[in-house]
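Given next are the chains, with one letter for each unit.
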Amino acid sequence: MKGLPRVAIVGRPNVGKSTLFNRMARRRAALVHDEPGVTRDPLEAEVEWAGRRFVVVDTGGYDPRGEAPVAVQVVGKVHEAIARADVLVLVVDAQQGLTGLDAEAAEQARRAGRRVLVAANKVDDPARSDLAAEFYRLGLGDPVALSAEHGRGVGDLLDAIVARLPEGVEPPPDQGLEPVRVAVIGRPNVGKSSLINRLLGYERLITSPEAGTTRDVVDSRCRHEGRDFVLLDTAGIRRRSRVLAGTGGDLERVSVSKALASLKRAHVALLLIDAMEGFTDQDRRLVRQVEQVGCGLVLVVNKWDLVEKQTGTLERYEKGVRSAYPLLEWVPMVFASAATGQRVRQALTAAGYVYEQAGMRVPTATLNASLQAAAALRQPPSHKGRRLKILYGTQVAIRPPQIVLFVNDPDLVHFSYQRFLERHLRAQFGFAGSPMRLIVRAREGWDRRGAPAGPAAPPRPTRPQGGITMAESPGRSRWTVAVIGAGSWGTALAMHLADRGTAPLLWARRPERAGEIARLRENTPYLPGITLSPLIHVTSDLEEALEPPILLLALPAQTVRAWAERARGWIRPEHVVVHGSKGLEVGTLLRVSQVLRQVLPDHPEGRILTLSGPNHAEEVVRGVPSTSVLAGGDPDVQARVQQLLMDRRLRVYTSDDLVGVELGGALKNVIALGCGISDGLGYGDNTRAALITRGLAEIRRLGAQMGAHPFTFSGLSGLGDLVATATSLHSRNLRAGRAIGAGRRPSEVLREGPMVVEGAPTAHAAVRLGEQRGVELPIATAVHRVLSEEITPREAVDSLMGRDPRGELEALDLAGPKDDL
Ligand SMILES: NC(=O)C1=CN([C@@H]2O[C@H](COP(=O)(O)OP(=O)(O)OC[C@H]3O[C@@H](n4cnc5c(N)ncnc54)[C@H](O)[C@@H]3O)[C@@H](O)[C@H]2O)C=CC1
Ligand SMILES: O=C(CO)COP(=O)(O)O
């Protein structure tokens, strides 16, 4: 169910959530599963409705005032389910009417910033749908009147849900419908029969061999990773390998024609090559045949155990094989040994993956956005003054994927441009291991000179991307902006840019991460469920990432120095470097712009900026109206970056207070950790408000000492971001604090990952900075001592509350000395 949009059913206890869940899930009852757990863990099921698939999640009853430890844990689980959902269904009891708990649950749902639907349940009498009207007062739009018990109105609810699902590529179902048919092919003596025997021998769940259509064909079934596979024509392969072994060249031809029969019945071919002999002409012929037939391909390099290995042997080998035939660039390779059994099962895993990839359907809107991006990257060719126009494309078939491109004149589609388009589409969508058919057609109604012949205009791509159309593509071959760091914030920034029509590069540190993001079109660990825009090009090649003139850095503060040192050789004076890190460097106590200037001393000061503000990645990526502030840099550079980022979803202000904006962004995380600790202890809104206000007072105190403008801390990167972080379900700092306050060991919580909790190292840096500057930072100090496990959360609160009396505005020294930049 990975990768599907998620819909969470929420609401107070006993409003009929589970009945509704069961109603929805019953459509595919076989897939409902109960995840065991001490507490009431959410149930999940896959639902298919009106051609869309999604996961519905039944959460426990929301009752934040429940005393039992289980109730407290359920509230945590509900928050978790809400944070992961794309759409929330708030269930209310229409017979009981609106209650205080409903209003609270609605408030939680609204604050999560998700699309929310109100399901007014228990309208068992259709004549009483007026009962639902009362719930308009929740301010969440039209309630859907239904009776989960009787099934009435559930279809309307499903329609409404589907209308609110995010658009995206849903992976094809991977469960149980049909077994994956696998042909094992290869030259004589490469080890086909040993591989098949290994696969069948491994799997204890083999059913009896199935008779095929001819007497020669005997297929065998096996199961792997919960999925059925049929190995085709196993008897033939076994017999052939016995009879034909070692009898020369004619047999190679026989193997090709024999392979053809299995390939025609197969979803995926496992092509075995002999590691010692390498990729031969005969293997190439077999690949060509796979391509012609159109089934998927996995290359198994057998006898890998016999190859003498040194550093880089595998990479060199792989590169050599991939360059032997174009399709091989996209084919999974498994280095195995049928003799020892090493990695043999991975061949089946890869076959299952290729099967799914070959069955993927790309929605037409997404496909056309990708085609637009391709034309922006490389101008379509022209001949004798006439330029190719790709009017639109649509995927018409799967296994193998077939895409029809409607163009003004098919003769203008040069082979090399077609190859470029294929590469581009594969980089966006994957189709790993599968041949791909690009079919070019002239669009009726267009004459060959490229003008519409009749009144029927060609369909416009459904989502115009920043005004770049195929026909008007400026032929840019360079990206204008690179986002450095493919965590939550980097991915969200890249999506924001792409939504504005700017195609960004997204740099991920590790090639395997970049590969996975590019293949899945989703950054699963950081922003699950968000389908990446096709305009985003993911790379792990730092040199490529540093080509664009604008760099948006979204790295944890402690990693910026190492990155800048690595990048130094490629950074040019004209580069505009905007960082979004919210932290102080622990070793040096420097702000991130200072770190950058230390590593890049010759870089123009006017080209180093920061972007900061209340901007949770999870919300920015959904286009929730947000604001941010850009500080540092020359005014013209600021204006350029502001223009790059700003639109009606993200309003970007500018500021000339670099010190204040950076400090505000860094230190609010420390205070948010403190708010989390307070929540975890079970304290309430009073305590949180106290921490926010007094926390801000100490941030302002330190800021004033360092030359920041005191008003900056009342701005977006101060109060704004502090409120967002100290109250949001999305905040990692708040979440970590809550876990610690609830009694978990800080060292354990902070190790959990994968996402950075910036407040923790910064608390340490802030305390030392306070000591250095003679500024009292009681809250940051308390947080730091809890994180270092010197005191317990409760002791920390006692220490804060037991301090000497003082005036509210005391020690708010608003005009300190200017800090060196
Ligand atoms: N998540 C959010 O909503 C926002 C985060 N920020 C700030 O942006 C910065 C990055 O945060 P997120 O993207 O949220 O963090 P994250 O934890 O989601 O992702 C961090 C990324 O940095 C990469 N990384 C880790 N160590 C690295 C190294 N040594 N060199 C290069 N890359 C490395 C990780 O692989 C990951 O891709 C932080 O300073 C954060 O405070 C700013 C605004 C919003
Ligand atoms: O800075 C952020 C939002 O503005 C993100 O906060 P967290 O790192 O606590 O998730």
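Definitions and limits used
- Residues numbered from 1 in each chain as written.
- Chains lettered and ligands numbered in written order.
- Predicted model: local features only at pLDDT ≥ 70, side-chain atom pairs only at ≥ 80, totals over all residues.
- Heavy atoms only, no water.
- Helix = DSSP H or I, 4+ residues; strand = E, 2+ residues; numbered from the N terminus.
- Contact = heavy atoms within 4.5 Å.
- Near = heavy atom within 4 Å.
- Polar contact = N/O pair within 3.5 Å; in protein donor to acceptor, adjacent residues only side chain to side chain.
- Areas by Shrake-Rupley, 256 points an atom, 1.4 Å probe, with all protein chains shown as cover.
- Nonpolar A, V, L, I, M, F, W, Y, C, P; charged D, E, K, R; others polar.
- Salt bridge = Lys/Arg side-chain N within 4 Å of Asp/Glu carboxyl O.
- Buried < 20%, exposed > 50% of the residue type's maximum accessible area, 1.4 Å probe, protein only.
- Phe/Tyr/Trp six-rings, centres within 6.5 Å; stacked < 30°, edge-to-face > 60°.
- Lys NZ or Arg CZ within 6 Å of the ring centre and 35° of its normal.
- Core = buried A, V, L, I, M, F, W, Y, C linked by side-chain atoms within 4.5 Å.
- Right-handed = clockwise from strand over helix to strand, strands pointing away.

## Looking at the environment of Leu555
- Along the polypeptide, Leu555 turns up in the loop between strand E22 (550–553) and helix H16 (560–567).
- In contact with Leu555, other than residues within four places in its own chain, are Ile484, Gly485, Val560, Trp563, Ser581 and Glu758.

## Topic: the site of ligand 1
- Around ligand 1, a shell composed of 21 residues is seen, among which Ser488, Ala617, Arg732, Val756 and Glu758 lie nearest.
- For ligand 1, an oxygen atom lies 2.6 Å from a polar atom in the side chain of Ser488.
- Separating an oxygen atom of ligand 1 from a backbone N or O atom of Asn615 is a distance of 3.3 Å.
- Considering ligand 1 on its own, with 820 Å² of exposed area, one finds that the protein chains cover 87% of that surface.
- Residues of the shell around ligand 1, tallied by class, amount to 10 nonpolar, 7 polar and 4 charged.

## Let's talk about the pattern of salt bridges
- Scanning the entire structure with this criterion turns up 36 salt bridges.
- A salt bridge links Arg187 to Asp283, with the shortest nitrogen-to-oxygen separation between them at 3.4 Å. Taken together, the positions of Arg187 in the loop between strand E7 (180–186) and helix H5 (192–202) and Asp283 in helix H8 (residues 281–293) put the pair 96 residues apart, joining distant regions of the chain.
- Among the residues examined, Arg187 registers a relative accessible area of 7% and is labelled buried.
- A salt bridge links Glu776 to Arg803, with the nearest nitrogen and oxygen atoms 3.5 Å apart. Taken together, the positions of Glu776 in the loop between helix H25 (759–773) and helix H26 (778–787) and Arg803 in the segment after helix H27 (793–801) put the pair 27 residues apart, joining distant regions of the chain.
- The partly exposed category is assigned to Glu776, whose relative accessible area is 42%.
- Sharing partners across several salt bridges, the network here consists of Asp499, Arg500, Asp647 and Arg649.

## Points about the site of ligand 2
- If you check the shell around ligand 2, you find Lys582, Gly613, Pro614, Asn615, His616, Lys668, Asp721, Thr725, His730, Ser731, Arg732 and Asn733 and nothing else.
- At 2.8 Å from an oxygen atom of ligand 2 is found a side-chain nitrogen or oxygen belonging to Asp721.
- Here Arg732 contributes a side-chain N or O atom positioned 2.6 Å from an oxygen atom of ligand 2.
- The protein chains hide 91% of the 300 Å² of surface that ligand 2 would expose on its own.
- Every element with two or more residues in the shell around ligand 2 is listed here: helix H22 (716–727) and helix H23 (732–741).
- Class assignment for the residues of the shell around ligand 2 results in 1 nonpolar, 7 polar and 4 charged.

## What to know about the packing of aromatic side chains
- All chains considered together, the criterion is met by 5 aromatic pairs.
- Note on Tyr392 and Phe406: the rings are 4.9 Å apart at their centroids and 20 degrees apart in plane angle, and the pair reads as stacked. Of the two residues, Tyr392 is situated in strand E16 (residues 390–397) and Phe406 in strand E17 (residues 402–407); the sequence distance between them amounts to 14 residues. There is no split in this pair, since Tyr392 and Phe406 are both buried.
- By the ring-pair criterion, three or more aromatic residues cluster together here, those being Trp304, Tyr317 and Phe335.
- Over the aromatic face of Tyr355 sits the side chain of Arg399, whose NZ or CZ is 3.8 Å from the ring centroid.
- Stacked on the ring of Tyr653, the Lys or Arg Arg651 has its end atom at 5.0 Å from the ring centre.

## Brief notes about the nonpolar core
- Core analysis: the biggest nonpolar cluster contains 65 residues, and Leu552 and Trp563 have the highest contact counts within it.
- Among the elements that make up this core, the one with the highest residue count is helix H13 (residues 488–499) (7 residues).
- If we skip the residues at most four places from it in the chain, Leu552 touches Val481, Ala482, Val483, Ile484, Leu493, Leu497, Val578 and Leu645.
- Val757, Leu777, Val786 and Ile791 belong to the second-largest nonpolar core, a separate cluster that totals 45 residues.

## Side note on the pairing of strand E25 (residues 626–631)
- Taking burial as the measure, the 6 residues of E25 include 5 buried ones, the bulk of the element.
- Where the polypeptide runs from E25 across helix H19 (residues 635–645) and back to strand E26 (residues 650–655), its parallel neighbour, the crossover connection is right-handed.

## Observations regarding the side chain of Arg322
- Relative to the helices and strands, Arg322 is located in helix H9 (residues 313–322).
- At 2.7 Å, the side chain of Arg322 and the backbone oxygen of Leu328 are in polar contact.
- A distance of 2.7 Å separates a polar side-chain atom of Arg322 from the backbone oxygen of Val331.
- Residues in contact with Arg322, not counting those within four places in the same chain, are Leu328, Glu329, Trp330, Val331 and Met333.

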